[in-house]
Amino acid sequence: MNNSLRNEYLKAMGVQQWVARDAVAALDSRAWTELEKQVSGCTLCGLQESRTRTVFGVGNHDADWLVIGEAPGADEDRQGEPFVGRAGQLLTEMLFAIGLQRDDVFICNILKCRPPGNRNPSTEEVSHCHPYLQRQIELIRPRLILAVGGVAANSLLDMNEKVGSLRGKVHNYGVQEIPLVVTYHPAYLLRSPQEKRKAWDDLQFARSVCANGNAG
Ligand code: URA
């Protein structure tokens, strides 16, 4: 029996179908709480010693867009929220320019803890943190991943390329083949404002990919 016929029968029988949806939402909510607890108590790598707070991620658990950056900086480490410093403000403005509020998307990083001095994440740190990100992706089931900057893009795609050669195309992430679009890191755009035009093109491209599926 197909789903819509089944639903018709259930409706005719007076069975409240929101029960199943609510049960899934309750399970998801428990899974989020559990995951957040795991991250905040994580001791898998040395970053636990230098961090002030873990930076789990913020936003809409049912977001179409998942925005993934590199790692928390000093402001994020202090506040426990990703992309809240100067680069974060620029990211927020960039999203706003294409009609998205921070609350519409989910924002997180490859690493949940700040590498001292904002150095690049090590391979070991990335691999310890990856299961947390993977679980976030499974729970959100985004329609689009926006990888912000070379570290995020290369780590998600398991590549070693410049952002310039990764942007402008649709990549696929993981077995779910989630469409993934790459753009410049806002910290780079603060240093190289002449590249902002390209980032604007990337976000418009991402918006069309999200609207049309993989076609772009
Ligand atoms: N840069 C990142 O990649 N992530 C943040 O959360 C802040 C700055």
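Placed above this text is the structure.
Residues numbered from 1 in each chain as written. Predicted model: local features only at pLDDT ≥ 70, side-chain atom pairs only at ≥ 80, totals over all residues. Heavy atoms only, no water.

Here's the deal with the site of the ligand
Thinking step 1. Close to the ligand lie Gly 69, Glu 70, Ala 71, Glu 76, Pro 82, Phe 83, Asn 109 and His 185.
Thinking step 2. Contact between the ligand and Glu 70: an oxygen atom at 2.8 Å from a main-chain N or O atom of the residue.
Thinking step 3. A distance of 2.8 Å separates a nitrogen atom of the ligand from a polar atom in the side chain of Asn 109.
Thinking step 4. Considering the ligand on its own, with 240 Å² of exposed area, one finds that the protein chains cover 92% of that surface.
Thinking step 5. For the shell around the ligand, a count of residues per class yields 3 nonpolar, 3 polar and 2 charged. (Near = heavy atom within 4 Å. Polar contact = N/O pair within 3.5 Å; in protein donor to acceptor, adjacent residues only side chain to side chain. Areas by Shrake-Rupley, 256 points an atom, 1.4 Å probe, with all protein chains shown as cover. Nonpolar A, V, L, I, M, F, W, Y, C, P; charged D, E, K, R; others polar.)

Concerning the sheet that holds strand E6 (residues 178-183)
Thinking step 1. Read from one edge of the open sheet, 6 strands run E1-E3-E2-E4-E6-E5, paired in mixed fashion. Edge strands, defined here as strands with exactly one partner in the open sheet, are strand E1 (58-59) and strand E5 (171-173).
Thinking step 2. Here strand E2 (residues 65-69) runs beside strand E3 (residues 106-109); their pairing, made up of 4 bridges, is parallel. Within E3, the residue paired with Gly 69 across the bridge is Asn 109.
Thinking step 3. On the sheet, helix H6 (residues 123-140) packs against E2, E3, strand E4 (144-148), E5 and E6 and is oriented at approximately 165° with respect to E3. (Pairing = 2+ DSSP bridges. Helix = DSSP H or I, 4+ residues; strand = E, 2+ residues; numbered from the N terminus. Contact = heavy atoms within 4.5 Å. Axes fitted to C-alpha atoms, helices over the stretch in contact; angles between N-to-C directions.)

Remarks on a nonpolar patch on the surface
Thinking step 1. On the surface, a cluster of nonpolar side chains totalling about 340 Å² of accessible area is made up of Leu 5, Tyr 9 and Met 13.
Thinking step 2. Relative to the helices and strands, Leu 5 is located in helix H1 (residues 3-12).
Thinking step 3. Take Leu 5: its relative accessible area is 41%, and that puts it in the partly exposed class. (Patch = residues over 30% accessible without salt bridge, like charges linked within 9 Å, V, L, I, M, F, W, Y side chains within 5 Å. Salt bridge = Lys/Arg side-chain N within 4 Å of Asp/Glu carboxyl O. Buried < 20%, exposed > 50% of the residue type's maximum accessible area, 1.4 Å probe, protein only.)

Observations regarding the side chain of His 171
Thinking step 1. When you line up the elements, His 171 lands in strand E5.
Thinking step 2. Residue classification places His 171 among the buried positions, given a relative accessible area of 11%.
Thinking step 3. A distance of 2.7 Å separates a polar side-chain atom of His 171 from the backbone oxygen of Leu 166.
Thinking step 4. Among all residues touching His 171, those that are not within four sequence positions of it are Leu 157, Leu 166, Ile 178, Pro 179, Leu 180 and Val 182.

Looking at the packing of aromatic side chains
Thinking step 1. The full count for this structure, using the stated rule, is 3 aromatic pairs.
Thinking step 2. Geometrically, the ring pair formed by Trp 32 and Phe 56 is edge-to-face, given 5.9 Å between the ring centres and 80° between the ring planes. Within this pair, whereas Trp 32 is found in helix H2 (residues 18-40), its partner Phe 56 is found in the loop between helix H3 (47-50) and E1, the two being separated by 24 residues in sequence.
Thinking step 3. Given a relative accessible area of 4%, Trp 32 falls into the buried group.
Thinking step 4. Among the aromatic residues, ring-to-ring pairing joins Trp 32, Phe 56 and Phe 106 into one connected group. (Phe/Tyr/Trp six-rings, centres within 6.5 Å; stacked < 30°, edge-to-face > 60°.)

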